[in-house]
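Fold and contact review
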Amino acid sequence: MTRSFLRCADPSCARESAPAPIAYACPRCGGLLEVAYDFAGAQPEGWPELWRHRLGGASELDRSGVWRFRELLPFLPEGQAPISLGEGSTPLVSAPRAARWAGLAGLEVKHQGVNPSGSFKDLGMTACISHAVSEHARVVACASTGNTSSSMAAYAARAGLPAVLFVPAGAVSSAKLAQAVDFGALVVETGSNFDQALRLLRQVAAELGWYVVNSINPYRIEGQKTAIVELLEQRGWRVPDFVVVPGGNLGNVSAIAKGLLELHRFGLIGKTPRLLVVQADGSNPFFRLWSSGGDILEPMDDPQTRATAIRIGSPANWPKAVRALQWSEGDCASVSDSEIRDAKAALGTDGIGCEPASATTLAGVRQLRNSGTIGEAAEVVAILTGHQLKDVDYILEEHPQRGEGVSLSLDQDPGAASRVLAAWLESRG
Ligand SMILES: *Cc1c(COP(=O)(O)O)cnc(C)c1O
C-alpha cells in the first residue's frame, strides 16, 4: 500500500513529517506543506485506461472527477469512503467569439463553475473534508471570500460536521453567503478583507483545535490537482501551450502545477503547458513580485477589486506559485476591473457565464496576446473558476449593456410595441 506523508514544499528544506495530525506549516522552517507519497510499485502506464474505464461507471466514487483519479491521491486510510458530492467531470468547451475578442485563433474553457457548490473549491473540499473525517475532526472552519465557505458548508453537511466560516463583513456576495446558510454553517463576519478574517480564524482554530480547510491545508491542493488531469484526459492527453488561471490565494495554480509535475514524473505527459496567473490590478501583490523579480511577496493592506473572489492582499501560497511559474516557464498578468468586465461580456457572447474573477483569465490572455507572449495560433485553455450565478449583482451593475431593457405598456397598441422591438434589433446591427 502507498505511504503518504507531509513534506515541506520548499525544496531547500523538504523536511518530512507524519501525515497526521493536520499541520499547516513546516515545523522546521515555517514554510508551506505538501502531501507526498511513496509510490514504489505503482504502475502508472495503466492509469489512463483505468480512469477512462471508470468514467460513466456504476459506482458513485468512479463518477467523481476527483476520486476517479484516486491513484494520484492515496492518503485516506484503507476502507474509508471519501465524502463526495459527485464533484469534477466539468465541461471543456470551445469559446470561438471570446477567442476572436482576445486575438486568438481558438480558445477552450474548462468550466469549474459546474461543480456541486458552483466553484472549483469543491475539488479540494472533497479531499480535505474526507481527511478531516479520517482525523476525527469535531469542527471544520475557514476564512473565505465566499466560495471556500459555500463549498465547506456543503461537504461538512455531507459529513455531518459543524462548519464555521469567517468572512469579511459586507464583502461577500449574497449568493455565496446564502449557500453557506442553506447548509447550516455558522457565519462569523469579521474585518473588512479576507486576510484579516484568515488571521483571526487561524488564532481561534489553533486555540480550539478546529480543522482549517483554507488552501494552506495541503489536502485541499491534492483534490484540486485533479483538475489538470481531467483537462488533459478530455484533450486526449494533448498538452496545450498555455493554461490560464485567476490568482487569489494562489492555491489553484499551485495545485495544477503539482498535478502536472506528478503526471510528468509518471511519464503520462512529455511536456508541460506554460501556466499563466492573472490578478486584478487592485489586488495584485503576486504580479508585483513576479514582474519585479523580487524574492519576497509584499502584502497589500487594502486590496480592492469587484472580482471579490480574488480580493486578497496576502496570498498564502505565493512561494508555491513562484515555483509553479518558474518550472513551467509561465507568466503573470494584471488586469483592470474594466478589462474584467469586458472579458466577462465577451465570454457571454459564446453563451458562457462565469464569475468576474474567472473572467480575469480571458482579460489576461488578451493582454498577453497583445504583448506577444501568446501567439495567435497558440492552444490556450482558460480555467473558469466559478459559476455565473455566484454574483448576479455584479452583472446587473457592470455589464456593458446594463439598463438596456425595454418596458411595454399593456395600453399601447401592439403595432407601436413591434416598432420599438424592431428598432432595438436594428440597433444591434
Ligand atoms: C477561490 C477562487 C479564486 C482564486 O483561487 P486561488 O486558489 O485562491 O488563487 C478565483 N476564482 C474563484 C471564483 C474562486 O472561488
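These numbers were taken from a predicted model, which means no experiment stands behind them.

Attention shifts here to the packing of helix 5 (residues 147-159) against helix 6 (residues 174-182). In the contact formed by helix 5 and helix 6, the axes pass within 8 Å of each other and the chain directions differ by 20°. Classified by the angle between their axes, helix 5 and helix 6 sit roughly parallel to one another. Note that helix 5 runs across helix 6; the crossing there is left-handed. Contacts from Asn147, Ser149, Ser150 and Ala153 of helix 5 reach helix 6 at Lys176, Gln179 and Ala180. Counted by class, the contact of helix 5 with helix 6 contains two nonpolar, four polar and one charged residues.

On to the sheet that holds strand 6 (residues 140-143). Taking strand neighbours across the sheet as the criterion, the four strands line up as 8-7-6-9 in an open arrangement whose pairing is parallel. A single partner strand is all that each edge strand has here, and the edge strands are strand 8 (186-189) and strand 9 (211-212). In this sheet, strand 9 lies alongside strand 6 in parallel orientation, the contact comprising two bridges. In the sheet register, Ala141 faces strand 9, and the bridge partner there is Val212. Strands strand 6, strand 7 (163-167) and strand 9 of the sheet are contacted by helix 7 (residues 194-208), whose axis makes an angle of about 150° with strand 6.

Taken N-terminus to C-terminus, the directions of helix 13 (residues 337-348) and helix 14 (residues 356-370) make an angle of 95°; their axes are 7 Å apart at the nearest point. With respect to helix 14, the axis of helix 13 lies roughly perpendicular. Every residue of helix 14 that contacts helix 13 at Glu339, Ile340, Ala343, Lys344, Ala346 and Leu347 is listed here: Pro356, Ala359, Thr360, Leu362, Ala363 and Gln367.

Moving on, we come to the site of the ligand. Taken together, 16 residues are adjacent to the ligand, and Lys121, Asn147, Asn249, Leu250 and Thr385 come closest. Between Asn252 and the ligand, the recorded distance is 2.8 Å, taken from a backbone N or O atom to an oxygen atom. Of the residues belonging to the shell around the ligand, the class tally is six nonpolar, eight polar and two charged.

Rules used in this analysis
- Residues numbered from 1 in each chain as written.
- Predicted model: local features only at pLDDT ≥ 70, side-chain atom pairs only at ≥ 80, totals over all residues.
- Heavy atoms only, no water.
- Axes fitted to C-alpha atoms, helices over the stretch in contact; angles between N-to-C directions.
- Helix = DSSP H or I, 4+ residues; strand = E, 2+ residues; numbered from the N terminus.
- Parallel < 35°, antiparallel > 145°, perpendicular 65-115°, else oblique.
- Left-handed = near helix turned anticlockwise from the far one by under 90°.
- Contact = heavy atoms within 4.5 Å.
- Nonpolar A, V, L, I, M, F, W, Y, C, P; charged D, E, K, R; others polar.
- Pairing = 2+ DSSP bridges.
- Near = heavy atom within 4 Å.
- Polar contact = N/O pair within 3.5 Å; in protein donor to acceptor, adjacent residues only side chain to side chain.

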